[in-house]
Number of protein chains: 2
Amino acid sequence: MASALRVLGIDPGLTRCGIGVVDVRADRSATLVHVGVARSRADDPIETRLATIAAGIREVLAAHRPHVVAVERVFAQQNRHSVMGTAQASGIALLMAAEHGIAAATHTPTEVKAAITGYGSADKRQVQTMVARVLRLDALPTPADAADALALALCHAWRQGTAPQAPGAGALTPAQRAWADAERLSRR
Amino acid sequence: MASALRVLGIDPGLTRCGIGVVDVRADRSATLVHVGVARSRADDPIETRLATIAAGIREVLAAHRPHVVAVERVFAQQNRHSVMGTAQASGIALLMAAEHGIAAATHTPTEVKAAITGYGSADKRQVQTMVARVLRLDALPTPADAADALALALCHAWRQGTAPQAPGAGALTPAQRAWADAERLSRR
């Protein structure tokens, strides 16, 4: 397989935290590496729930050693009952990246939809269908949180830029440099 | 010194995270153990900032070994620009407690004000003045985040109940049981 950028996508949540890992090559083609969900029990204390989510993310980081972690950006305007728990889970996800020495990035839901389907107001089903097609899956990934995590990972790789240049081919943009670095790492 | 409940209070924040440790005895008297602020640089990546806050909290946990961690509860309604970062920092604080096997609790700003001053709409200055008086400090603790962390810690101890009963003195409430357990632990 050609060298690829391995991205861990995280759709943060306390009850279900979607976790997906994909390998994305410079030609934008992608392969599923891992998909799953870390769950915590609603009747556990909040600190236990966050530790459960942290353990689920750590496990995937250790097993699949991604080059970068992409986390959905949470907004206060998403005025759901659960938004504070979602923000806390996103903090845990970003901390796990930092503590493993892995770069992290956040993307908004609109950025993810635009990157995957071509338009920012796509519905969830359209995003899932596209994710399944890109990764050549027989069925839509479920639950939705798992599909969203894969979409985030693909979004991150595709937004980073997909055409690493040969050394000497001119100055690299920061995104291209990140890609080139990640490629080099993946060859070790 | 009589056996005391050692509480770590945390006023979560990304730029400044207030951290205070107090020993509170059954007669509600209290002693300052530690007060400080974990700071992170606004121009660092978010994952680095969260890791900096985590390191600051871990240091205090290791140095002072509290029985319980009290964290200010963050609300989405606090529609400040920084509310998501505050929520993420609170998630980190709760995770640090869980990973050290220490119980955690959250209290609202209104609960803290009521516990410290006797009324829930007290202003910040009144809370700080009372914290300084209770802990017999020569000056108001600064910055405000540090004072708020001490107030949280005192609030937690006082709300837990202050009169641990001797075994056999009757059924204990959950709060009294927690206190008695903490007292036992502190005698080891």
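Placed above this text is the structure.
Description of the structure in this document. Since the model is a prediction, treat every value here as computed from it, not as a measurement.

Criteria and cut-off values
- Residues numbered from 1 in each chain as written.
- Chains lettered and ligands numbered in written order.
- Predicted model: local features only at pLDDT ≥ 70, side-chain atom pairs only at ≥ 80, totals over all residues.
- Heavy atoms only, no water.
- Contact = heavy atoms within 4.5 Å.
- Buried area = accessible area lost by both parts, 1.4 Å probe.
- Salt bridge = Lys/Arg side-chain N within 4 Å of Asp/Glu carboxyl O.
- Polar contact = N/O pair within 3.5 Å; in protein donor to acceptor, adjacent residues only side chain to side chain.
- Helix = DSSP H or I, 4+ residues; strand = E, 2+ residues; numbered from the N terminus.
- Nonpolar A, V, L, I, M, F, W, Y, C, P; charged D, E, K, R; others polar.
- Least-squares fit on C-alpha atoms with pLDDT ≥ 70 in both.
- Core = buried A, V, L, I, M, F, W, Y, C linked by side-chain atoms within 4.5 Å.
- Buried < 20%, exposed > 50% of the residue type's maximum accessible area, 1.4 Å probe, protein only.
- Arc of directions from axis to C-beta.
- Pairing = 2+ DSSP bridges.
- Axes fitted to C-alpha atoms, helices over the stretch in contact; angles between N-to-C directions.

1. Quick look at the interface of chain B and chain A
(1) Moving on: Each partner contributes residues to the interface: chain B has 24 residues there, and chain A has 24 residues.
(2) Moving on: Both sides together, the interface formed by chain B and chain A hides about 1800 Å², and carbon and sulfur atoms give 70% of it.
(3) Moving on: Its largest share of buried area at the contact with chain A, chain B owes to Glu47(B), Met84(B) and Leu95(B), together 30% of the area lost on that side.
(4) Moving on: Linking chain B with chain A are two salt bridges.
(5) Moving on: Inspection of the region where chain B meets chain A yields six residue pairs in polar contact (both at pLDDT 80 or more).
(6) Moving on: Residue assignment for the side of chain B that touches chain A shows that the elements contributing at least two residues are helix H1 (46-64), helix H2 (83-99) and strand S5 (103-107) of chain B.
(7) Moving on: Residue contributions to the side of chain B that touches chain A peak at 12 residues, all from H2(B).
(8) Moving on: Taken together, the residues of the side of chain B that touches chain A sort by class into 17 nonpolar, four polar and three charged.

2. Overview of the relation of the copies chain B and chain A
(1) Moving on: Each copy superposes on the other: chain B lies on chain A with an RMSD of 0.0 Å after a rotation of 180 degrees and an axial shift of 0.0 Å. Both copies are brought into coincidence by an operation consistent with a two-fold rotation axis. Nearest to the rotation axis, the C-alpha of Gln88(B) is located 2.2 Å from it, this being the minimum over chain B.
(2) Moving on: The residues that chain B uses at the interface reappear at the interface of chain A in 100% of cases, marking a shared surface.

3. Digging into the nonpolar core
Nonpolar side chains in soluble globular proteins generally cluster together in the buried interior.
(1) Moving on: Formed by 46 residues in total, the largest nonpolar core has its most connected members in Ile57(A) and Ile57(B).
(2) Moving on: Residues within four places of Ile57(A) in sequence aside, it is in contact with Ile10(A), Cys17(A), Ile19(A), Ala93(A) and Met96(A).

4. Notes on helix H4 (residues 124-134) of chain B
Residue and element names in this part refer to chain B.
(1) Moving on: Along H4, the residues classified as buried are Val127, Gln128, Val131, Ala132 and Val134. Along the long axis of H4, the arc covered by the buried residues comes to 165 degrees, so they all point the same way. Projecting away from the buried face of H4 at angles above 90 degrees are the exposed residues Arg125 and Arg133.
(2) Moving on: On its buried side, H4 packs onto strand S3 (30-39), helix H3 (109-117) and helix H5 (144-160).
(3) Moving on: You can read the cap of H4 off the contacts: a side-chain oxygen lies 3.2 Å from the backbone nitrogen of arginine 125, and it is on aspartate 123.
(4) Moving on: Of the residues one or two after H4, arginine 136 is the one with positive phi, at around 55 degrees.

5. Observations regarding the sheet that holds strand S1 (residues 4-11) of chain B
All names here are of chain B.
(1) Moving on: The strand order S3-S2-S1-S4-S5 describes an open sheet built from five strands, whose pairing is mixed. Strand pairing shows two members of the sheet lacking a second neighbour, S3 and S5, which therefore form its edges. Across the sheet, the mean angle from the axis of one strand to that of its neighbour is 20 degrees, orientation sign disregarded.
(2) Moving on: H5 contacts S1, strand S2 (16-25), S3, strand S4 (68-72) and S5 of the sheet and is inclined by roughly 35 degrees relative to S2.

Nothing here speaks to function; it is geometry throughout.
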